[in-house]
Amino acid sequence: MAQDSGTRTLISQAQLRRGRGRAIYWMVLAIVIIGFTLVFLGPLYWMVTGALKSGQEIAQTPPSLFPQDPQWQNYVDAWNNLDLAKLLFNTFYYAAGAVLFQLVLDTAAAYSLSKLRPIFGNVILGLMLATLMIPAMVLIVPQYVTVIDLPILHISLLDSPFAIWLPLVANAFNIFLLKRFFDSIPDDLMAAALMDGATPLRTLWSIILPMSRPILGVVSIFAVTAVWKDFLWPKLVMPSPETRTVSVGIYAFAGGTPMNVVIAASVIAAIPTVIIFLIFQRNIMSGLTTGSLKG
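Presented here is a report on the structure given in the accompanying data block. (Residues numbered from 1 in each chain as written. Predicted model: local features only at pLDDT ≥ 70, side-chain atom pairs only at ≥ 80, totals over all residues. Heavy atoms only, no water.)

**Side note on the overall build of the protein chain**
Inference 1: If you tally the helices and strands in the protein chain, you get 15 helices and 0 strands.
Inference 2: Taking contacts inside the protein chain between residues at least 6 apart in sequence as the whole, the part at least 24 apart equals 72%.
Inference 3: Accessible area of the protein chain: about 18,400 Å², with a carbon and sulfur share of 70%. (Helix = DSSP H or I, 4+ residues; strand = E, 2+ residues; numbered from the N terminus. Contact = heavy atoms within 4.5 Å. Areas by Shrake-Rupley, 256 points an atom, 1.4 Å probe, with all protein chains shown as cover.)

Structure (structure tokens):
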């Protein structure tokens, strides 16, 4: 009987059946898993425990692994002194707007490129994807010049949420993800809808979008995390204390605030994104892989 070449791995099954080979395999696997766990969870553990330490303990060398006297008051001080409620509200507001704009405009662009197939559609898609090769820092200056003096209208968008929303709409990566997912939807459905008299917009609303919930969830999560973790751009376009995001607000207060309180604020700011990921991690994986099942 011929061997199935699809089951070959780095270590043969015969070696894994031996006592010594099995022991070495599981030992190496355990070391790799523990190593990666420490690399990824180590900074989070230091942040959470550092927020519970006193100012003297967090500055000592070498650092302690556990807080000697947990200071839960640090979280209360961080919430009150840094006005985290206002900062979190601003960030949620910007994130919600980014999700809305991206779902509407990026979905329309991807649907047009995938199903309507306009003239020079491949050229347009290629130019979009080419922007992914440009470092983000290179685009900061032209984007900022555009924001402070919007072409044609000649208005300033500083301290306006549109200064955050509009640059996020031009997201070639999300458009590409959506297009790949739409490509996997059979064209027979489009033809059947056309025969029933459905317009392209009606087809998008009634057929394409209900089938695209996984990838729409992925794009929404990407939009939220992009706003949540961004620092440089909100710092440039949101100079007023009333419009700051949580990352900019924590940085602004860090100069005159004890380090343990700043770390406690960082823990509070990180909680929403961690919760979102834990809830929707299955949707993220399914949305990223579904569109790649069909070439």
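**Here's the deal with the pattern of salt bridges**
Inference 1: All chains considered together, the criterion is met by 3 salt bridges.
Inference 2: Among the ionic pairs, arginine 117 bridges to aspartate 187, the shortest N-O distance being 3.6 Å. With arginine 117 in the loop between helix H5 (84–116) and helix H6 (121–130) and aspartate 187 in helix H10 (residues 187–195), the pair connects residues that are 70 residues apart, well separated along the chain.
Inference 3: Relative accessible area serves as the criterion here: at 52%, arginine 117 is assigned to the exposed category. (Salt bridge = Lys/Arg side-chain N within 4 Å of Asp/Glu carboxyl O. Buried < 20%, exposed > 50% of the residue type's maximum accessible area, 1.4 Å probe, protein only.)

**A look at the layout of surface pockets**
Inference 1: Approximately 1,200 Å³ is the volume found for the largest pocket.
Inference 2: Considering the residues around the largest pocket, the lining is formed by 38 residues, among which Ala136, Leu168, Asn171, Ala226 and Asp230 are closest to the centre.
Inference 3: Elements represented by at least two residues in the lining of the largest pocket include exactly helix H7 (136–148), helix H8 (162–169), helix H9 (172–183), helix H12 (213–229), helix H13 (232–237), helix H14 (246–254) and helix H15 (259–290).
Inference 4: Broken down by element, the lining of the largest pocket gets its largest block of residues, 7 residues, from H12. (1 Å grid on protein atoms, 1.4 Å probe; cavity = no way out; pocket = protein on both sides within 12 Å on 5 of 7 lines; lining within 4 Å. Points joined across faces, edges and corners; volume = space filled by probe spheres on them.)

**What about the packing of aromatic side chains?**
Inference 1: On inspection of all chains with the given rule, the structure shows 11 aromatic pairs.
Inference 2: Judged by centre distance (6.0 Å) and plane angle (80°), the rings of phenylalanine 101 and phenylalanine 162 are edge-to-face. Pair noted here: phenylalanine 101 is in helix H5 and phenylalanine 162 is in helix H8, with a separation of 61 residues, a long-range link.
Inference 3: Ring centres 5.3 Å apart and planes at 75° place the aromatic pair phenylalanine 162 and tryptophan 165 in the edge-to-face group. A residue pair is termed a helical-turn pair when its members lie 3 or 4 positions apart in one helix, as phenylalanine 162 and tryptophan 165 do in helix H8 at 3 residues.
Inference 4: Assessed through its relative accessible area of 37%, phenylalanine 162 is described here as partly exposed.
Inference 5: Feature note: the residues Tyr93, Tyr94, Phe101, Phe162 and Trp165 constitute an aromatic cluster, connected by ring pairs. (Phe/Tyr/Trp six-rings, centres within 6.5 Å; stacked < 30°, edge-to-face > 60°.)

**Re the nonpolar core**
Inference 1: In terms of nonpolar packing, the biggest core is built from 21 residues, with Tyr75, Leu84, Val246 and Ile250 touching the most fellow members.
Inference 2: Of all the secondary structure elements, the ones that give two or more residues to this core are helix H4 (73–81), H5, H14 and H15.
Inference 3: Top element by residues in this core is H15. It accounts for 8 residues.
Inference 4: Those residues in contact with tyrosine 75 that lie beyond four places of it in its chain are Val48, Ala51, Leu52, Ala264, Val267 and Ile268.
Inference 5: Ala95, Ala163, Leu168 and Val227 belong to the second largest nonpolar core, which has 18 residues in total. (Core = buried A, V, L, I, M, F, W, Y, C linked by side-chain atoms within 4.5 Å.)

**Thoughts on H5**
Inference 1: Taking 1.5 Å of rise per residue, 33 residues should cover 48 Å, and H5 covers 46 Å from first to last C-alpha, within 8% of that figure.
Inference 2: In H5, a bend of some 25° at glutamine 102 exceeds every other bend along the element. (Expected span 1.5 Å × (residues − 1). Bend = angle between axes of the 7 residues up to and from the residue.)

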